Amino acid sequence: MTGRESGSRRPERQPAKRPRRATPVRLYRALAGLLPPAARRDRDEMARTYGELRAEATTGRARLRLGVRSFAGLAGVLLAEWLEHFGHAGVRRPAGHTTSAWHHPDGATSRQHRPNGRKGRMGFWRQVRYALRTLRKAPSFTLTSVVLVGVGVGAATTIFTLVDHVLLRPLPYPQADRIVTLSNGSFQGPFFRQLETMRTIDDWSATWTGTANLTGAGDPLRLMQTGVSSEFFDLFDAHAMLGRLPDVDDAGEADAVVLDAGAWRRVWGADLSIVGRTIRVDGKPLTVVGVMSPHFSPPEALVGRHVDLWRPLDWSTDALERNDTYVLSVAGRLAPGVGVAAAQDEMDAVMRRLAPTDDHYRDRNGNPDEHAVERLADVTVRGVRTGLGLLMGAVGLLLLVACANVAHLFLARGLGRTREMAVRRALGASTTNLAGQLLVESLLIGLAGGVLGTGLAWLGIGAFVAFNPTALPRQGTVELDPRVLLFAIGVSALTSLVFGMVPALRSVRAEPVEELRGGGRTATSGRGVVNLRNLLVAGEVALSLVLVAAAGLLLCSFLAVQAQDPGFDVAGVWTVPLRLTDPGTPGKYIQDMDGILREVRRVPGVASAAFGITAPLEYVGGHRCCWATHVKEPGREDDPDLLSFIHPVSLEYFRTLGLQVVAGRKWNRSEEHADPVPVVVNETLARSLAGDAAAAVGRTATLGDLHILVVGVARNSHHYGLDEEIRSQLYLPVARLPFAMDRGDIIVRAAAGAGRSVPAALRRAVWAAQPDVPVPTVRSMQSWLDRSTAGRRFDSVIFGVFAAVALLLAAGGLYGTLLYMAGQRRRELGIRLALGASRARIEGAVLRGGVALGVAGIALGLLGAWFSNRLLQSRVWGVGRADPVALGGAAAVLLLTAVVASWLPARRAGRVDPLETLRAE
């Protein structure tokens, strides 16, 4: 035995390790493994080719471009090969056909060419150039397809932009998801001190927003001011652009003020030396300590749409020390690891602790008040979430109608190109190559439609923001941005691929031999094609009817609101909302308002004038001001039917507004200071007091510390909006106002012919009596009436626009379908006419076919409208979801559209010349 044999065995030489592929190459090979079995055998060659090309790339940028191009091409290969493998849309692999020429990662045929980037890129661009030439030869198809995609994408992008900025994006504050607020109204200063003891919520802040009069800077101006606690600026990440923000030391005298950036530019002309200057607000000197950063977004749920002046809260004021003054909005940040539910439990415990000792924390039944702890983000968008959701659903339906029309066009164009595709396949083109060419054409249509849709979205966003009567939260930030542009590109590409390419693939299904022999003549009239086209038309009609029915329902609701009698005469009535500069006492307030009223009555053309704390329709949409309390009768102190809105008014109020007293009388001037106080109630309160108007006259009750006597009953009026339920209302002589007030409305009835001179004359009259009182607006009562219904009008208009576009698209789809089908049946119709069939019979057959499609779509649409109208219940008033006028009107409109759209192709079919048709055949 040799030494080699007897010793330990020598290890065998291991084969040299193959170089490890780069990660992108391994990923490319793994994705290529998703190809169908017949094509999967080429994945090693494809990966090797991609690796060679990647190795030849000398820079990271070149490798990145190669990777993007290669993986995008691979995605196209996967789509085409699987469509070919399963015979999708009738695509079949020709005999002897092998894998696609697209297997080369850079676009060239890996078996025929040495892989190099230049040849692949030229192949792709040749496809693009060929697609452009093809589309240029069919301008009607190209333009119509681009417009359809653009309209659908533009509408969807417009609403998505609003939804994205308003609903989807977080509030621009640190840890915004942990900021919470309390719902159910305003709160007292002592209650805020109790909130600061809670352990589940940190950094409580309080705000108090109201109007302020600025003087000494030209004409008196009314600005919005907000007093804030010291924690507010840290909680909401506020910063000063100039100067500083108020600190704890400023809260002692509360004479520091920070200007909002918008007010700084608008009122003070962006004066850089404003810091340190003294301005007069409500007659008091305030020192400007800073200018707020223009990037700061105020929490609208707490302080309103905009703020001009920021001031520290002065906790020493009487209003913030009393439990019966509800002026604060509050917010805080959840403690680490604490959820909303835990905070709500602690809030409930606080209310149970406070309720037994103070009736300000109990409801009328003696139970502790309930204050819901809610995330600030949810409260901010609560009023617009439903409306934006409905708009998103509406544009989704509109986009589907547009997509169905795109599918129509591509299907018709694809069926018209079957012979072309057969010739190209006979010359050696593979099914995958043809599918790739259709893919490029579809993408070009989609990109062009996306560009058009982006432009339409830019216009649509501006129009929506300008005409929407209800401002959206964070409306100033709504604009097109990269996220929205990506959405538009994605929607347009998906639309063109799904609704464009898939129907067009039917054009490559015919066998070349059969098509070239003429057997393809009737291929376009196959049963599957006819059924598909009919389904698309019926679907378009059904979707359009849903939109038309929704628009009709909103229109009926708007008309129902408009038909309401406001209860007073709006013609010739003007209002001047005022805010006096700190009148201090009820007596001083009445003295100042009487002085203004005397000057107003001297204005030429003024027939009568009065004033009250509020004017009708000044507060709508659920907002109320300024005094509500129980009218108390013995034994009925807490009767909810006697909870009334109190309107302190001057003597001429009823005459000026044309508000009729239906029972009893008005008080006279000598009775204003009598005891009990004479009052006028509305019909609703009279029925609650005594059962009818006449019986209520002479009843006595108490109103806080006042004893009242009902001397008259006024007609019910819609003081807070035409679509609001009429609640109990009581009119009290303003001379008996029991508390100080700084706001009021002058109400004027102008004589016939006074017209346009009234606003300027009323401003001069106010300034003659009170030079420091701003007059921001003089509005006619008709404009208040229009403003109260503006939201419903906007809803009906925007849904009406969507419905009109969908209706036109549905009509176009039905018209195009029947016209195309009549063209395909031209030979058949010519033979029937030659054999003696009348033109009327031919026209009737085509017309009946179109109307039948319309009726089928209407039936489906009515069912869909009945279900979808449930979503509109929060937006309608006075009508139900199955309103026969709305549904019947929508069905009638769609039926008329179907008849008109069917009649034109039918008439054309009846005009076929049999001799020319047979000669051509």
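In this report, the structure presented in the accompanying data block is examined. Residue numbers here run from 1 along each chain, matching the order of that chain's written sequence. The model is predicted, so local features are restricted to residues of pLDDT at least 70 and side-chain atom pairs to those at 80 or more, both for listing and for counting; the totals for chains, interfaces and linings are taken over all residues. Water and hydrogen atoms were dropped before computing side-chain values, which therefore reflect all heavy atoms in the structure.

**Focus on the overall build of the protein chain**
At step 1: Only DSSP runs of H or I covering at least 4 residues are called helices, and only runs of E covering at least 2 are called strands; the numbering of each starts at the N terminus. A tally of regular secondary structure across the protein chain gives 29 helices and 21 strands.
At step 2: Here's how the labels work: a residue is buried when its accessible area is under 20% of the maximum for its type, exposed when over 50%, partly exposed in between, all with a 1.4 Å probe on protein chains only. The 921 residues of the protein chain split such that 49% are buried.
At step 3: Counted over contacts in the protein chain with a minimum sequence separation of 6, partners at least 24 positions apart contribute 80%.
At step 4: Using a 1.4 Å probe, the Shrake-Rupley method yields the accessible areas, and only the shown protein chains count as cover for residues. Only carbon and sulfur atoms are counted for the fraction: they give 56% of the accessible area of the protein chain, which is about 42700 Å². Residue contacts follow a heavy-atom distance rule, with two residues in contact if any of their heavy atoms lie within 4.5 Å.

**As for a positive patch on the surface**
At step 1: Patches were defined on residues exceeding 30% relative accessible area and lacking a salt bridge, with like-charge contacts within 9 Å and nonpolar side-chain contacts (Val, Leu, Ile, Met, Phe, Trp, Tyr) within 5 Å. For this document, the term salt bridge refers to a Lys or Arg side-chain nitrogen within 4 Å of an Asp or Glu carboxyl oxygen. In this charge count, Lys and Arg are treated as positive and Asp and Glu as negative; neither His nor the chain ends contribute. Where a charge lies is defined by one atom per residue type: Lys uses NZ, Arg uses CZ, Asp uses CG and Glu uses CD. A contiguous patch of positive charge on the surface is contributed by Arg 126, Arg 129, Arg 133, Arg 136 and Lys 137.
At step 2: Within the secondary structure, Arg 133 is located in helix H6 (residues 117-136).

**A short note on the pattern of salt bridges**
At step 1: Scanning the entire structure with this criterion turns up 23 salt bridges.
At step 2: The residue Asp 203 makes a salt bridge to Arg 333 at a minimum N-O spacing of 3.2 Å. Placement of Asp 203 in strand S2 (residues 201-215) and of Arg 333 in strand S9 (residues 329-334) is noted, with a sequence separation of 130 residues between them.
At step 3: The partly exposed category is assigned to Asp 203, whose relative accessible area is 40%.
At step 4: By relative accessible area, which is 10% here, Arg 333 ends up buried.
At step 5: Among the ionic pairs, Arg 715 bridges to Asp 565, the shortest N-O distance being 2.2 Å. In this pair, Arg 715 is assigned in the loop between strand S18 (706-714) and strand S19 (729-733) and Asp 565 in the loop between helix H18 (527-562) and strand S11 (573-579), connecting sequence segments 150 residues apart.
At step 6: Classification of Arg 715 by relative accessible area gives partly exposed; the value is 30%.
At step 7: Connected via shared salt-bridge partners are Asp 282, Arg 579 and Asp 742.

**Overview of a nonpolar patch on the surface**
At step 1: Residues Leu 143, Val 147, Leu 452, Leu 456, Trp 458 and Leu 459 make up a contiguous nonpolar surface patch of roughly 590 Å² in combined accessible area.
At step 2: Elements that contribute at least two residues to the nonpolar patch include exactly helix H7 (139-168) and helix H15 (431-467).
At step 3: A per-element tally of the nonpolar patch places H15 first, with four residues.
At step 4: One can find Leu 456 in helix H15.

**Brief notes about the packing of helix H2 (residues 23-32) against helix H4 (residues 43-56)**
At step 1: Axis separation between H2 and H4 bottoms out at 9 Å; the angle between their running directions is 155°. When the axis of H2 is compared with that of H4, the two are roughly antiparallel. Helix-helix and strand crossings are classified by hand; for H2 and H4 the assignment is right-handed. Only Arg 43, Asp 44, Met 46, Ala 47, Tyr 50, Gly 51 and Arg 54 of H4 make contact with H2, whose side of the interface consists of Pro 24, Val 25, Tyr 28, Arg 29 and Ala 32.
At step 2: Of the residues that constitute the contact of H2 with H4, the class distribution is seven nonpolar, one polar and four charged. Here an axis means a line fitted to C-alpha atoms, over the contact stretch when the element is a helix, while the angle between two N-to-C directions is reported on a 0 to 180 degree scale. Any angle from 65 to 115 degrees is called roughly perpendicular, while one under 35 is roughly parallel, one over 145 is roughly antiparallel, and all others are oblique. When the near helix sits turned anticlockwise from the far one by under a right angle, the crossing is termed left-handed; a clockwise turn instead gives a right-handed crossing. Any residue that is not Ala, Val, Leu, Ile, Met, Phe, Trp, Tyr, Cys, Pro, Asp, Glu, Lys or Arg is counted as polar, Gly included; the first ten are nonpolar and the last four charged.

**As for helix H24 (residues 781-788)**
At step 1: All of the buried residues in H24 are Met 781, Trp 784, Leu 785 and Ser 788. Around the axis of H24, the buried residues are gathered within 100° of arc, so they sit on the same side. An arc is given here, and it is the one of the directions from the helix axis to the C-beta atoms.

**Things to note about the environment of Arg 305**
At step 1: Structurally, the position occupied by Arg 305 is in the loop between helix H11 (300-303) and strand S8 (309-312).
At step 2: Along the primary structure Arg 305 and Met 224 are separated by 81 residues, whereas in three dimensions their C-alpha atoms are 9.8 Å apart.
At step 3: In this structure, Arg 305 is in contact with Glu 300, Ala 471, Leu 472 and Pro 473, ignoring residues within four places of it in sequence.
At step 4: Within polar-contact distance, the side chain of Arg 305 engages the side chain of Glu 300 at 2.8 Å. Contacts described as polar in this section are N or O atom pairs within 3.5 Å, which, within protein, must combine one atom able to donate a hydrogen with one able to accept it, while residues neighboring in sequence count only if both atoms come from side chains.

**Quick look at the pairing of strand S16 (residues 677-682)**
At step 1: Where burial is concerned, most of S16 is hidden: six out of the six residues are buried.
At step 2: By the alternation rule, side chains of S16 split into Val 677, Val 679 and Val 681 and Pro 678, Val 680 and Asn 682, which are all buried.
At step 3: A pair of strands counts as paired when DSSP detects no fewer than two bridges linking them. Where S16 meets S18, six bridges bridge the pair, whose relative direction is parallel. Bridged to Val 681 within S18 is Val 713.

**Regarding the nonpolar core**
At step 1: Only buried Ala, Val, Leu, Ile, Met, Phe, Trp, Tyr and Cys residues count toward a nonpolar core, and they belong to the same one when joined by side-chain atoms within 4.5 Å. Ranked by size, the top nonpolar core spans 62 residues in total, and within it Leu 391 and Phe 799 carry the most contacts.
At step 2: Elements with a minimum of two residues in this core: H7, helix H13 (376-415), H15, helix H16 (482-504), H18, helix H25 (790-824), helix H27 (839-868) and helix H28 (884-910).
At step 3: With 14 residues, H13 is the largest single contributor of residues to this core.
At step 4: Once residues within four sequence positions are removed from consideration, Phe 799 is found in contact with Leu 390, Leu 391, Ala 394, Ala 550, Ala 551, Leu 554 and Leu 872.
At step 5: Grouped together as the second largest cluster of nonpolar side chains are 50 residues, Val 576, Ile 590, Leu 703 and Val 713 included.

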